[in-house]
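# Residue-level structure breakdown
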Amino acid sequence: MNEIRRSTVDFAIDLGTSDSVIAYFNGKGSQIIKNHLTGEDHTPSAVFIDDSGEIHIGKTAKDAVIKNPANAVSEFKLNMGFPIPFHFEDANKRMFPEQLSAELLKDLKKSIFRQTGQNVEEIVITVPANSNPLKTRATKEAAELAGFKSVYLILEPVAAAIAYGLRARKDDNGIWMVYDLGGGTFDVSLVKANGQEIEKLATSGEDNLGGKFFDWKIVDDHFTPKVIEDLNLSDFRRDNPKYLKAFSILKNEAEKAKIALSDLDEYEVTIESLFDSYDFKCALTKEDLIDVMKPFMKTTFNHCHEILEECDLAVDDLERIILVGGSTLSPLLRDSLRNEFNRPLEYGINPLTVVAEGASIYAGTIERKFPEPQKHKFALILDYEKIGFKDNMDIKGKAFSLDGNFSFLDYHIEAIRTIDNELVKRQDLDMDGNFKLNLDLADDYNEFLINIYDENEKLVEIDENSPNSIAYTKAINPGCNILPSSICLYLDEDSSLELRNVNEWIDLDSDVDYVNDYSKRFNSSHVILSKGDKIPISKKEVFYTTESIKKGDDDAIRFSFYCGELIMANYNTLLGEMVIDGNDVMDDLPKGSEIELNLSVDESNLINFEAFIPYLRQSFSNSFIFNNYNNYNSYLDNYDNLKDKYEETILRYNRIRDFALDEDKIGIHKGNNILDRIFENIDEIEKKETISYLNVLMDMAKYDKIAIYPSLEYLNYLNDVLDECRFFLSIAHLDISK
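Quick notes on the rules
- Residues numbered from 1 in each chain as written.
- Predicted model: local features only at pLDDT ≥ 70, side-chain atom pairs only at ≥ 80, totals over all residues.
- Heavy atoms only, no water.
- Phe/Tyr/Trp six-rings, centres within 6.5 Å; stacked < 30°, edge-to-face > 60°.
- Buried < 20%, exposed > 50% of the residue type's maximum accessible area, 1.4 Å probe, protein only.
- Lys NZ or Arg CZ within 6 Å of the ring centre and 35° of its normal.
- Core = buried A, V, L, I, M, F, W, Y, C linked by side-chain atoms within 4.5 Å.
- Helix = DSSP H or I, 4+ residues; strand = E, 2+ residues; numbered from the N terminus.
- Salt bridge = Lys/Arg side-chain N within 4 Å of Asp/Glu carboxyl O.
- Axes fitted to C-alpha atoms, helices over the stretch in contact; angles between N-to-C directions.
- Parallel < 35°, antiparallel > 145°, perpendicular 65-115°, else oblique.
- Left-handed = near helix turned anticlockwise from the far one by under 90°.
- Contact = heavy atoms within 4.5 Å.
- Pairing = 2+ DSSP bridges.

Here the focus is the packing of aromatic side chains. A complete count under the given rule lists 20 aromatic pairs for this structure. A centroid spacing of 5.0 Å and a plane angle of 70° characterise the contact between F236 and Y243, whose relative ring orientation is edge-to-face. Exposure class is identical for F236 and Y243. Each is buried. Each residue in the set F223, F236, Y243, F247, F275, Y278 and F280 is aromatic and connected to the rest through ring pairs, giving one cluster. Over the ring of F148 we find K109, and its NZ or CZ is 5.0 Å from the ring centre. The ring centre of Y384 lies 4.5 Å from the NZ or CZ of K386, which sits over that ring.

Let's shift gears to the nonpolar core. In this structure, Y179, F223 and F280 are the most contacted members of the largest nonpolar core, which totals 87 residues. For this core, the leading source of residues is helix α16 (residues 708–731), giving 12 residues. Core analysis: the next-biggest nonpolar cluster, separate from the first, contains 66 residues, A138, A193, A475 and I476 among them.

For the coordinates displayed, the defined rule picks out 39 salt bridges. Residue D704 pairs with R238 through a salt bridge whose shortest N-O separation is 3.9 Å. Of this pair, D704 sits in the loop between α15 (690–701) and α16 while R238 sits in the loop between α5 (211–231) and α6 (244–260), and the two are 466 residues apart along the sequence. Judged by its relative accessible area of 12%, D704 is buried. Look at R238 and you get buried, because its relative accessible area is 12%. Measuring nitrogen to oxygen at the nearest pair gives 2.4 Å for the salt bridge that ties E306 to K688. Pair noted here: E306 is in helix α7 (residues 286–310) and K688 is in helix α14 (residues 676–688), with a separation of 382 residues, a long-range link.

Turning our eyes to something else, we now look at the packing of α5 against α6. Taken N-terminus to C-terminus, the directions of α5 and α6 make an angle of 110°; their axes are 8 Å apart at the nearest point. The angle between α5 and α6 falls in the class roughly perpendicular. The handedness of the crossing between α5 and α6 comes out as right-handed. Of the residues in α6, those touching α5 at G211, K212, F214, D215, W216, I218, V219, F223 and T224 are F247, L250, K251, E253, A254, E255 and K258.

Ordered by their spatial adjacency, three strands build an open sheet running β19-β21-β24, and the pairing between neighbours is antiparallel. Each edge of the open sheet is held by one strand with a lone partner, namely β19 (378–383) and β24 (434–440). Ignoring which end each strand starts from, the neighbouring axes of this sheet average 30° apart. In this structure, β19 lies alongside strand β21 (residues 392–401), joined through six bridges in antiparallel fashion. By the bridge assignment for β21, D383 is matched with K396.

We now examine the sheet that holds strand β30 (residues 525–529). Read from one edge to the other, the open sheet built from four strands follows the order β30-β28-β33-β34, with strand pairing classed as antiparallel. Each of the sheet's edge strands pairs with one partner strand only, and the pair in question is β30 and β34 (573–581). Shown here is a sheet whose adjacent strand axes are inclined to one another by a mean of 30°, direction ignored. In terms of strand pairing, strand β28 (residues 487–490) meets strand β33 (residues 556–563) through three bridges, oriented antiparallel. The residue bridging C488 from the neighbouring strand is Y562, located in β33.

Residues apart from glycine generally show negative phi values, whereas peptide bonds are mostly found in trans. Across the junction of I535 and P536, the peptide omega takes the value 15°, indicating a cis bond. Structurally, the position occupied by P536 is in the loop between β31 (534–535) and β32 (537–545). Despite not being glycine, N232 shows a phi value in the positive range, around 55°. Position of N232 relative to the elements: it lies in the loop between α5 and α6.

Keep in mind these numbers describe shape, not what the thing actually does.
Structural data, given as structure tokens:
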């Protein structure tokens, strides 16, 4: 029998903050590709450049992060999409997160080749569920830098659900919560096994929350004060370069202590010669670890409850909670989850590898692209559903050759079941090589070899780059992905674009829903694509210019795109802008001209767009600026700016909170539908302990740039809520500024 060649991508990489994992789907199931140097299931996500300029990846690099931190780095995934480079001192080389991830991916690619002999050019890579398009795009760019020609992306918790879906039965109809807490990110998704496919219901999470933050909080709250007290080192801070190695060692010991305290009640950290004549000792208790983890756990639980509410579901509606990520190995975390939700926890598949395994199953449903056949050889295109619970399958296909005029008259194909080498179907090709097959399916895994025969019944050689087999697995279909966050356009009163029949003023004398009207009138976020939409998706919107544009002038039409769910667009994450000015247009453009915006998101959550101006019959595309970081550039190198924004926001919040929590005022104003929204907003913030968690992030942001981004996200969320509260106070004629 001829060698079986699958037509699908099959390989996937879980690109993790702490560790990365490769998996391969062989049609029946997923298997882990081990690291080519260590033989381990995972590869540490670390890069080390030695003094000769040689790049090292994995365990060697992870060890160097502790021993030689000026020349080694890990956890760079958290910076993906942001202009935060790492400088390797000895090699005098600066690399951005995308470049570091590319070096890691090259090494993972090497592991695939060493174990399978395949030089893989197409790959599925996982991204966090809450990954915004900036990070998603950066991941794709890293893969392309690593030499992958085709890159497909999948959300991490969705991949985990797919791995469990392979084990599911046809009659499984439960709702699963996928709780994914790794080294640096947290994701939660709700999925439903509807008997045929995995339906994605909702997703949420934090790009910067995971085991790394537990470790650093142990260092900040327990280890650093101890060193300062013992040695009277007033300058002992994480951002002081001369203590870089000491903090790397302390962080590593904090991770060990965290793991140990999952089983022990007390653990003593001992580091000989942390400094020349100083041995560091610090005792930690299980209660200390619980206190460290508590604000982070509370935040993850908030996200879990939010998506349940979003889907109008109760905790009791959950069949099970699937645990994903290294941090979910902690018994303390599992106990917290049981206490919070009282639902069965599922971790039958290794939480460290389940995402890669599920992603590889998804890869097994994606058709590979392959080169044109070599001269005098033939190739096949096969189109069919590869996973599900069908008893028979329809295949559409086409045979073709390098000679486009070749006739397949009197040619036929045969499908041979590989398990018993039995011929199950014979089908003639039409003149152009097209054919259709219907094959019966019996077992959980069904595989068929496809052969082509010429008019003389001679077996035709099929190009080695072409698939020559069909495989079908009986399991729940992965289904469609969903958009993790809304994509909106910023339209305010100064915008160069407008929609017709919107932004009507509120009539305060009518019996109206003020909350709804506030959103309509002051919502500068014109949502084009909504969170939870099934992807791929495309949408067309028509806008009108508010000013004329003269050819050759500097006047411009500006499209400012954001992602997020906040009412005011500029509090969401700025994705970038498209600008059309007088130098771009072929002729003068009158005020009030139509502009058609076509926006789409593909299966990998990558954005494509086009703007068309009918008046000029002119299209604009591929000019989108994705790397616009003006939202937070001023904060990256100046913590004082972030602190000022924090203090201003907290002052605003305290005034409104004091009003909302004043029992006397509540009694007077309860039932006023204008002010009820204020009470609801403040009650929600207090219950979620949002301010407490923001304080944790602000403390970390003093020394860790990556914590600046989530700090700003929470500050923007608070200001969005406070703007709404201020508005309702003003229309109720209440002044609480004093």
